[in-house]
Amino acid sequence: MSVAHPIIAVTGSSGAGTSTVKQAFSDMFRREGIRPVVIEGDSFHRYDRQTMKEKTAEYEAQSKILTHFGPEANELEKLEALFREYSERGTGKKRLYIHNEEEGEPYGQAPGTFTPWEPIDSNSHLLFYEGLHGGVVTDQVNVARYVDLLVGVVPVVNLEWIQKIHRDCLNRGYSSEAVVQIILKRMPDYVHYITPQFSHTHINFQRVPLVDTSNPFIARDIPTPDESKVVIRFRDPHMADFPYYLNMLKDSYMSRANTLVVPGGKMGLAMEIVLTPVIHDIMEKKRVRG
Ligand SMILES: Nc1ncnc2c1ncn2[C@@H]1O[C@H](COP(=O)(O)OP(=O)(O)OP(=O)(O)O)[C@@H](O)[C@H]1O
Ligand SMILES: O=C(CO)[C@H](O)[C@H](O)COP(=O)(O)O
């Protein structure tokens, strides 16, 4: 945690919608005049796509499993070191993992490769992380302890899978069968390294569909925002101004003392209403400290 160099992290599984939520944050940052340094979680993968394929085969030959959810396929020590360095000095290094042709074009790089490490803007107001491991804690690393605001994005799992299958087939060139195989293979790492993070988060946004998603593997469409609700859970209810939220968000209600439910179509607005005061507070403390 750092008053001078705060870190905001959005953590969630692959297909949860963290990239979509990143857009909501970038709108808030723009409106508030905040200059973030943006870190993508996938840039901390340990291997490029070709090496990952080779390593996966080596693991399988030894009856072991290597997946992008677990510590062996990610440089979690480097992620922790970046968060530590940023929170102490506001400096560090970043790179990108290129998923497809479109992402690679500006860099002249092929899908499945990394851009070179480069120093981050040393005049940023805060670090914003979006990805798989923003709140990870293992025997070796504790990334969560450096994060000033940790937000979980967690659709119920059937919806998460539908979103992943759609995105990977449409934008990343995978077949639906290949995505199902990846989901299956990642399950142990999902349980051990992804879900425990949602106990460290300050706020979770969980999208719950109101249409039948009982067989996510044949679903043709992602349930729309209007076909869903969003459950927003605060670890510390004292950080929440529930009367304000209930007043601002039509048709919202509380389902528990620390939990707000809003219509799915209001997810963006709810994020803005809930998170803008928290971000203001972080920036105000930074300003007062000078
Ligand atoms: N609230 C939402 N309502 C409708 N569709 C959504 C919502 N959030 C995400 N999606 C859809 O789900 C898919 C996955 O979302 P997104 O790419 O943001 O996931 P991600 O968590 O960033 O995945 P990865 O970490 O693998 O990049 C996208 O097709 C996106 O349009
Ligand atoms: O979603 C993921 C992790 O968040 C991807 O599976 C991972 O980044 C590997 O990507 P690719 O299959 O494009 O090489």
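See the structure shown above.
Note that the structure is a prediction, hence the values are computed from the model and not measured.

Caption draft 1: The arrangement of unusual backbone geometry in detail. Of note in the backbone geometry, Ser63 takes a positive phi value of approximately 55° without being a glycine. On the secondary structure map, Ser63 appears in the loop between α2 (49–61) and α3 (76–89). Of note, Asp251 is a non-glycine position whose phi angle comes to about 70°, a positive value. By relative accessible area, which is 52% here, Asp251 ends up exposed.

Caption draft 2: Seen up close, the pairing of strand β1 (residues 7–11). Along β1, 5 of the 5 residues are buried, which leaves the element largely enclosed by surrounding structure. Two elements, β1 and strand β5 (residues 126–131), share 5 bridges in a ladder whose sense is parallel. Each bridged residue has a counterpart across the sheet, and for Val10 the counterpart in β5 is Glu130.

Caption draft 3: Layout of the environment of Met28. Along the polypeptide, Met28 turns up in helix α1 (residues 18–32). With 251 residues separating them along the chain, Met28 and Ile279 place their C-alpha atoms 8.9 Å apart. Residues within four places of Met28 in sequence aside, it is in contact with Met271, Glu272, Leu275, Thr276 and Ile279.

Caption draft 4: How the structure looks around the site of ligand 1. In the neighbourhood of ligand 1, 14 residues make up the surrounding shell, with Ser14, Gly17, Ser19, Thr20 and Arg167 lying closest. Take Ser13: an N or O atom from its main chain is 3.3 Å from an oxygen atom of ligand 1. Between ligand 1 and Gly15 there is a distance of 2.9 Å, counted from an oxygen atom to a backbone nitrogen or oxygen. Summarising the interface, the protein chains cover 80% of the accessible area of ligand 1, which totals 640 Å² for the free molecule. When residues of the shell around ligand 1 are traced back to their parent elements, those giving at least two are α1 and α5 (157–171). Take the shell around ligand 1: its biggest share by element is 3 residues, from α1. Residue composition of the shell around ligand 1, grouped by class: 2 nonpolar, 8 polar and 4 charged.

Quick notes on the rules
Residues numbered from 1 in each chain as written. Chains lettered and ligands numbered in written order. Predicted model: local features only at pLDDT ≥ 70, side-chain atom pairs only at ≥ 80, totals over all residues. Heavy atoms only, no water. Helix = DSSP H or I, 4+ residues; strand = E, 2+ residues; numbered from the N terminus. Buried < 20%, exposed > 50% of the residue type's maximum accessible area, 1.4 Å probe, protein only. Pairing = 2+ DSSP bridges. Contact = heavy atoms within 4.5 Å. Near = heavy atom within 4 Å. Polar contact = N/O pair within 3.5 Å; in protein donor to acceptor, adjacent residues only side chain to side chain. Areas by Shrake-Rupley, 256 points an atom, 1.4 Å probe, with all protein chains shown as cover. Nonpolar A, V, L, I, M, F, W, Y, C, P; charged D, E, K, R; others polar.

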